[in-house]
Amino acid sequence: MRRTLLVTGLALLLVATGCGGGGRPAEPAGAGTPTASRQDAGQVEQTLASLRRVDDLPLYEMTYVGDYDPTVGVAGTPQATPFGCSLFAARGDRSRPLFARNFDWDANPALVLRTDPPDGYASISLVDISYLGVTADPAGDRRLLNAPLLPFDGMNERGLAVGLAADDGATAQPVPGRPTVGSVRILRLVLDSAATVDEAIAVFGRYNLDFDGGPPLHYLIADATGASAVIEFVDGRMRAEKGRGAWQALTNVPAVGVADRDLRTDHRYGVLAEALDRAGGAVDAPGALRLLDAVRQAHTRWSVTYGLRTGEVRLVTAGGGERDYRLPMN
């Protein structure tokens, strides 16, 4: 029987894939050594020069100029802390589908990252930069050049959004012949290459996910058509359950194959379900943020909404800041 306990523990460690990227990282100069960067010296300078602090979370913004290898290995090991996340896809108004999430974790600095790789989709994502080993003033720290590898949630220019949450009952058994990636890294591979929910599911299906070193995860994805799906690992195998109603939500209890009445016994899921039912699954960004506030916890680090057709991103942080962004949609 799958457990329905909230998870405590450490978020994932990334794992090397054994696949190399083209070119060589720029030579280190200053704090930190990048491994993912495939930039020339000018692009490195432009990227690091774009870093700026925008609120007291602390929250930073950075625009990544040039290319990176999304499969190269990095590692980060923050201390274990109880946590939980809340996510939902509001599908009731198919002309304005919306993806929303609370990220609940340690009091670490965060980064709003814009990327536009030459062989992938442009995206905007949120990164906990402590996973890069960056905990103090990040100015000039070249470990930030690995930031594309660690999106905890994000949306790309095709309106595909993805986010993660811990799932105590998940187990992932490796499939022979598939490369292995970390279970946060997979979000980068999805954002760079998937335009639809079906394409995102296919990306997940091409890799083995490594949950070693932290709690297992499950994922919510949604796209500009209003489609959505939860991806979980049940009895060692990946399963995807597509949304069938006007909304789909995810917290820290297993969801695939679980009856709605049982899911609603989880407090945060129940609050989301009741409100989304009342709204018919149609909420705008302010309404979604109010709903996220209703399920926020003392350790909620950020709340964010992604407009899957408009490209509008609205972010509220634990530092009290509110920021709006727009990702040009293709």
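Preceding block: the structure.
A brief structural summary. As the structure is a computational prediction, the values presented were derived from the model and not from experiment.

Some words on the pattern of salt bridges
What the rule picks out here adds up to 15 salt bridges. Note that Arg-323 is salt-bridged to Glu-61, the shortest N-O span being 3.1 Å. Here Arg-323, found in strand β19 (residues 322-326), pairs with Glu-61, found in strand β3 (residues 59-63); they are 262 residues apart in sequence, far enough to count as distant. Notably, a salt bridge pairs Arg-278 with Glu-274, separated by 3.4 Å at the nearest N-O pair. You can see Arg-278 and its partner Glu-274 sitting in helix α5 (residues 267-278), four residues apart, about one turn around the helix. Connected via shared salt-bridge partners are Arg-52, Glu-61, Arg-114 and Arg-323.

So, the sheet that holds strand β9 (residues 153-156)
Reading across the sheet, the nine strands line up as β2-β3-β7-β8-β9-β10-β13-β14-β15 and stay open at both edges, with mixed pairing between neighbours. Single-partner strands in this sheet number two, and they are β2 (52-55) and β15 (237-242). Averaged over all adjacent pairs, the angle separating strand axes in this sheet is 20 degrees, with direction ignored. Pairing of β2 with β3, which is carried by three bridges, proceeds in the antiparallel orientation. Note on β3: the bridge partner recorded for Arg-53 is Tyr-60. Here helix α3 (residues 197-205) sits on the sheet and contacts β13 (217-222), β14 (228-234) and β15; the angle it forms with β15, its principal contact strand, is near 170 degrees.

Let's talk about the pairing of strand β6 (residues 98-104)
The buried fraction of β6 amounts to seven of the seven residues, a majority that puts the element mostly inside the structure. Residues of β6 alternate between two faces, with Leu-98, Ala-100, Asn-102 and Asp-104 on one and Phe-99, Arg-101 and Phe-103 on the opposite face, all of them buried. In this structure, strand β5 (residues 86-90) lies alongside β6, joined through five bridges in antiparallel fashion. The residue bridging Ala-89 from the neighbouring strand is Phe-99, located in β6. By the bridge criterion, seven bridges tie β6 to strand β17 (residues 300-307) in an arrangement that is antiparallel. The residue bridging Arg-101 from the neighbouring strand is Val-304, located in β17.

Looking at empty space enclosed by the protein
Unoccupied space between atoms shows up once a probe the size of one water molecule is rolled over them. Considering all chains together, one arrives at two cavities of 30 Å³ or more under this definition. Reported here for the second largest cavity is a volume of approximately 30 Å³. Of the residues forming the lining of the second largest cavity, the biggest block, three residues, is contributed by strand β8 (residues 123-128).

Some points on the packing of helix α2 (residues 185-193) against α3
Put simply, α2 and α3 touch, their axes get as near as 9 Å, and they point 140 degrees apart. Taken as axis vectors, α2 and α3 run oblique relative to one another. Judged by the twist between their axes, the crossing of α2 over α3 is right-handed. Here α2 contributes Ile-186, Leu-189, Val-190 and Ser-193 to the contact with α3, which in turn contributes Glu-199, Ala-200, Val-203 and Phe-204. By residue class, the composition of the contact of α2 with α3 is six nonpolar, one polar and one charged.

Considering the packing of aromatic side chains
This model, assessed by the stated rule, comprises eight aromatic pairs. Summarising the aromatic geometry, the rings of Trp-247 and Tyr-269 are spaced 6.1 Å apart at their centres and angled 55 degrees between planes, so their arrangement reads as tilted. Remark: Tyr-269 occurs in helix α5 and Trp-247 occurs in strand β16 (residues 247-250); sequence separation between them is 22 residues. Exposure remark for Tyr-269: the relative accessible area of 6% places this residue in the buried category. Taken together, the ring pairs connect Phe-103, Tyr-131, Phe-152 and Trp-302 into an aromatic cluster.

What counts as what
What you see as residue numbers is a count from 1 along each chain, following the sequence as written. Selection of residues for local features in this predicted model requires a pLDDT of at least 70, selection of side-chain atom pairs for listing and counting requires 80 or more, and totals for whole chains, interfaces and linings are taken over all residues. Calculation of side-chain values draws on the structure's entire complement of heavy atoms; hydrogens and water are dropped beforehand. The salt bridge definition used is simple: a Lys or Arg side-chain nitrogen within 4 Å of an Asp or Glu carboxyl oxygen. Helix and strand definitions here come from DSSP, where helices need a minimum of 4 consecutive H or I residues and strands a minimum of 2 consecutive E residues; each element is numbered from the N-terminal end. In this scheme, strands are said to pair when DSSP sees at least two bridges between them. Whenever a helix is involved, its axis is fitted only over the stretch in contact; in every case the axis is a line through C-alpha atoms, and angles between N-to-C directions fall within 0 to 180 degrees. Any two residues having at least one pair of non-hydrogen atoms within 4.5 Å are treated as being in contact. Summary of the burial criterion: residues with accessible area below 20% of their type's maximum are buried, those above 50% are exposed, and those between are partly exposed, where the area comes from a 1.4 Å probe applied to protein chains only. Buried and open spaces are told apart on a 1 Å grid over the protein atoms alone, a cavity being a set of points where a 1.4 Å probe fits but cannot get out and a pocket being an open set with protein on both sides within 12 Å along at least five of seven lines. Residues with an atom within 4 Å of a point are the lining residues. Grid points are joined across faces, edges and corners, and a volume is the space filled by probe spheres set on the points. Here the word oblique covers every angle except those under 35 degrees (roughly parallel), over 145 (roughly antiparallel) and from 65 to 115 (roughly perpendicular). Helix crossings get a hand from a simple test, with the near helix turned counterclockwise from the far one by less than a right angle marking a left-handed crossing and a clockwise turn marking a right-handed one. Each residue receives one of three labels: charged for Asp, Glu, Lys and Arg, nonpolar for Ala, Val, Leu, Ile, Met, Phe, Trp, Tyr, Cys and Pro, and polar for the others, Gly being one of them. Pairing of aromatic rings covers Phe, Tyr and Trp, the last through its six-membered ring, and needs centres within 6.5 Å; plane angles under 30 degrees mean stacked, over 60 mean edge-to-face, and all others mean tilted.

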